[in-house]
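Chain by chain, the residues:
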Amino acid sequence: MKRLEYYRRLGQAFRAYKLKKTRLSYMPIRLWIEATNTCSLACVMCPNKNLTKEQRGFMDFDLFKKIVDEAKDFVFDVHLLHRGESLAHPDFFRMIRYAHDAGIVTRFHTNGTLLTEEKSRLLLDSGIDQFAFSFDGFTAEAYEKIRVNAKFEKTVGNIVRFLELKKEKGRKKPVMFIELIHFPDVFKKTDRAARRAFMTRFKGLPLDKVHIKELHNWAGETGGPDRSKPYGPCTFLWHALIIFWDGSVLPCTQDFFGTYTLGNVRDTALREIWNNDKMIALREKLIARDIDDLPTCSKCDRLWRPTLFGIPREYLGRLLAGKMN
């Protein structure tokens, strides 16, 4: 999908959202496809560590192909990650290439712990458009308290080596970020010298941006929302779908444990799921603020975040820029 078409579709979604339409005449602009929900870390802010063995798995490559083949006619970009570490999937680089060759903009996040030199080279040659290292804390002490089971120096070394390879090859892509969650205590306790020392590690290397994002509560899994702020219906229901490794389709990234499954892409087309009875009913309930019986939505802090033109400010800039980070 060309950039002009993306903005046309984005405008279509914006109008439908503002007009409170529940049956949509267009298809989603973006997908989150979960290659796997396995992860070797036990980060303090992430519910992944609470998934049972039976809930974990890897997406079949044939299922991934089925999704891409259906979505390539209407999806602008796909985030090849959701609840786990995508680099753990043995077919992950094939997945990137397949989506890339289908004309879909591809992105993902990684904690960086599995990024060996071999995988760095494969990633550079895979066709990935953008990715971010999820990295929290400017010192070993802070990082290792948050990213449990990870080692600060090893992960920083993995990031530096990837950037060195990117520079050696003279590549402009992938666009690469380091993304940190704004943990107030961490930022408050870390002095400027420590922050400068951290950033110096990447001096002269093709790091495009350091992005700091607000901590969210995973729909109540890590705390309740502040309802003193203005309410706004979740925008995800008007522009995106999320697909778990087993094919289950969800309306929002915050539904970590799949409490509101819309269907399964193994046996139902995305076109049918996008406007099925469950999705329309959910849009209606979000518009009416009738969410008390929805265990995920009622506890999600993203419904109570500051807005601009009725769109959560957190997402507006990213949507306009065509970014997922």
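Whatever comes next refers back to the structure up there.
Treat the numbers as computed from the prediction; the structure is a model and nothing was measured. (Residues numbered from 1 in each chain as written. Predicted model: local features only at pLDDT ≥ 70, side-chain atom pairs only at ≥ 80, totals over all residues. Heavy atoms only, no water.)

## Regarding the overall build of the protein chain
Link 1 in the chain: Secondary structure summary: the protein chain contains 11 helices and 11 strands in total.
Link 2 in the chain: Looking at the 325 residues of the protein chain, the share that counts as buried comes to 56%.
Link 3 in the chain: Summed over its atoms, the accessible surface of the protein chain is roughly 14500 Å², and 53% of this surface lies on carbon and sulfur atoms. (Helix = DSSP H or I, 4+ residues; strand = E, 2+ residues; numbered from the N terminus. Buried < 20%, exposed > 50% of the residue type's maximum accessible area, 1.4 Å probe, protein only. Areas by Shrake-Rupley, 256 points an atom, 1.4 Å probe, with all protein chains shown as cover.)

## Regarding the pattern of salt bridges
Link 1 in the chain: Scanning the entire structure with this criterion turns up 19 salt bridges.
Link 2 in the chain: Close ionic contact of Arg147 with Asp136 constitutes a salt bridge, the shortest N to O distance being 2.7 Å. A residue pair is termed long-range when its members are at least 10 positions apart, and Arg147 in the loop between α5 (140-146) and α6 (152-169) and Asp136 in the loop between β4 (130-134) and α5 qualify at 11 residues.
Link 3 in the chain: Sharing partners across several salt bridges, the network here consists of Glu117, Arg121, Arg161, Glu164 and Glu168. (Salt bridge = Lys/Arg side-chain N within 4 Å of Asp/Glu carboxyl O.)

## Some remarks on empty space enclosed by the protein
Link 1 in the chain: Enumeration over the complete set of coordinates arrives at two cavities of 30 Å³ or more.
Link 2 in the chain: Surrounding the second largest cavity, 21 residues form its lining, Cys234, Leu237, Cys252, Thr296 and Cys297 being those nearest its centre. (1 Å grid on protein atoms, 1.4 Å probe; cavity = no way out; pocket = protein on both sides within 12 Å on 5 of 7 lines; lining within 4 Å. Points joined across faces, edges and corners; volume = space filled by probe spheres on them.)

## So, the nonpolar core
Link 1 in the chain: Leu31, Leu270 and Leu286 are the most contacted members of the largest nonpolar core, which has 96 residues in total.
Link 2 in the chain: If one sorts the elements of this core by residue count, α6 sits on top with seven residues.
Link 3 in the chain: Not counting residues up to four positions away in its chain, the partners in contact with Leu270 are Met27, Leu31, Ile67, Glu70, Ala71, Phe74, Leu241, Ile243, Val249 and Val265. (Core = buried A, V, L, I, M, F, W, Y, C linked by side-chain atoms within 4.5 Å. Contact = heavy atoms within 4.5 Å.)

## A word on helix α4 (residues 117-124)
Link 1 in the chain: When we look at burial in α4, the residues that qualify are Ser120, Leu123 and Leu124. For α4, the angular spread of the buried residues around the axis is 95 degrees, confining them to a single face.
Link 2 in the chain: Residues of α4 that are buried sit in contact with α3 (92-101), β3 (105-110), β4 and α6. (Arc of directions from axis to C-beta.)

## Overview of the packing of aromatic side chains
Link 1 in the chain: All chains considered together, the criterion is met by 21 aromatic pairs.
Link 2 in the chain: Aromatic ring contacts, followed pair by pair, group Phe92, Phe93, Phe108, Phe131, Phe133 and Phe162 into a single cluster.
Link 3 in the chain: In this structure, Lys278 packs its charged tip against the face of Tyr260, placed 4.9 Å from the ring centre. (Phe/Tyr/Trp six-rings, centres within 6.5 Å; stacked < 30°, edge-to-face > 60°. Lys NZ or Arg CZ within 6 Å of the ring centre and 35° of its normal.)

## Remarks on the pairing of β3
Link 1 in the chain: With six of six residues buried, β3 is to be regarded as a mostly interior element.
Link 2 in the chain: Neither face of β3 is open: one carries Val105, Arg107 and His109, the other Thr106, Phe108 and Thr110, and all of them are buried.
Link 3 in the chain: The pairing of strand β2 (residues 77-79) with β3 spans three bridges and is classified as parallel. In the strand pairing of β3, His79 is matched with Arg107. (Pairing = 2+ DSSP bridges.)

## Side note on the side chain of Ser120
Link 1 in the chain: Among the secondary structure elements, Ser120 is positioned in helix α4.
Link 2 in the chain: On the basis of relative accessibility, which here comes to 1%, the residue Ser120 falls in the buried class.
Link 3 in the chain: Contacts of Ser120, omitting those with residues within four sequence positions, involve Leu115, Phe162 and Leu165.

## Quick word on the environment of Leu286
Link 1 in the chain: You can see Leu286 is positioned in helix α10 (residues 277-287).
Link 2 in the chain: Along the backbone, Leu286 and Tyr231 are 55 residues apart, and their C-alpha atoms lie at a distance of 9.9 Å.
Link 3 in the chain: Look past the residues within four positions of Leu286 in its chain and what remains in contact with it is Tyr231, Pro233, Cys234, Leu237, Ile291, Leu294, Cys297 and Leu303.

## What to know about the environment of Arg83
Link 1 in the chain: Examined against the element boundaries, Arg83 turns out to sit in the loop between β2 and α3.
Link 2 in the chain: If we skip the residues at most four places from it in the chain, Arg83 touches Glu34, Asn37, Asn48, Leu51, Phe244, Trp245, Phe256 and Phe257.
Link 3 in the chain: Among the polar contacts made by the side chain of Arg83, one reaches the side chain of Glu34 at a distance of 2.6 Å.
Link 4 in the chain: Polar side-chain contacts of Arg83 include one of 2.8 Å to the backbone oxygen of Phe256. (Polar contact = N/O pair within 3.5 Å; in protein donor to acceptor, adjacent residues only side chain to side chain.)

## Remarks on the packing of α4 against α6
Link 1 in the chain: Interhelical geometry of α4 versus α6 gives an angle of 45 degrees and a closest axis separation of 10 Å. By the angle between their axes, α4 is oblique relative to α6. The interaxial crossing formed by α4 with α6 has right-handed handedness. Each of Glu117, Ser120, Arg121, Leu123 and Leu124 in α4 lies in contact with α6, whose residues at this interface are Arg161, Phe162, Leu165, Lys166 and Lys169.
Link 2 in the chain: Per-class residue counts for the contact of α4 with α6 are four nonpolar, one polar and five charged. (Axes fitted to C-alpha atoms, helices over the stretch in contact; angles between N-to-C directions. Parallel < 35°, antiparallel > 145°, perpendicular 65-115°, else oblique. Left-handed = near helix turned anticlockwise from the far one by under 90°. Nonpolar A, V, L, I, M, F, W, Y, C, P; charged D, E, K, R; others polar.)

## A word on the environment of Ala99
Link 1 in the chain: When you line up the elements, Ala99 lands in helix α3.
Link 2 in the chain: Look at Ala99 and you get buried, because its relative accessible area is 1%.
Link 3 in the chain: Sequence separation between Ala99 and Val68 is 31 residues; the distance between their C-alpha atoms is 6.3 Å.
Link 4 in the chain: Excluding anything up to four places from it in sequence, Ala99 contacts Phe64, Val68, Val78, Ile104 and Thr106.

## Quick word on unusual backbone geometry
Link 1 in the chain: Cis rather than trans, the peptide bond between Lys173 and Pro174 has omega equal to 5 degrees.
Link 2 in the chain: Positive phi outside glycine occurs at Lys20, with the angle close to 60 degrees.
Link 3 in the chain: Inspection of the secondary structure assignment puts Lys20 in the loop between α1 (3-18) and β1 (30-33).
Link 4 in the chain: A positive phi angle is found at Arg289, which is not glycine, with a value near 60 degrees.
Link 5 in the chain: Its place among the elements puts Arg289 in the loop between α10 and β10 (307-308).
Link 6 in the chain: Arg289 gets classed as partly exposed once you look at its relative accessible area, which sits at 46%.

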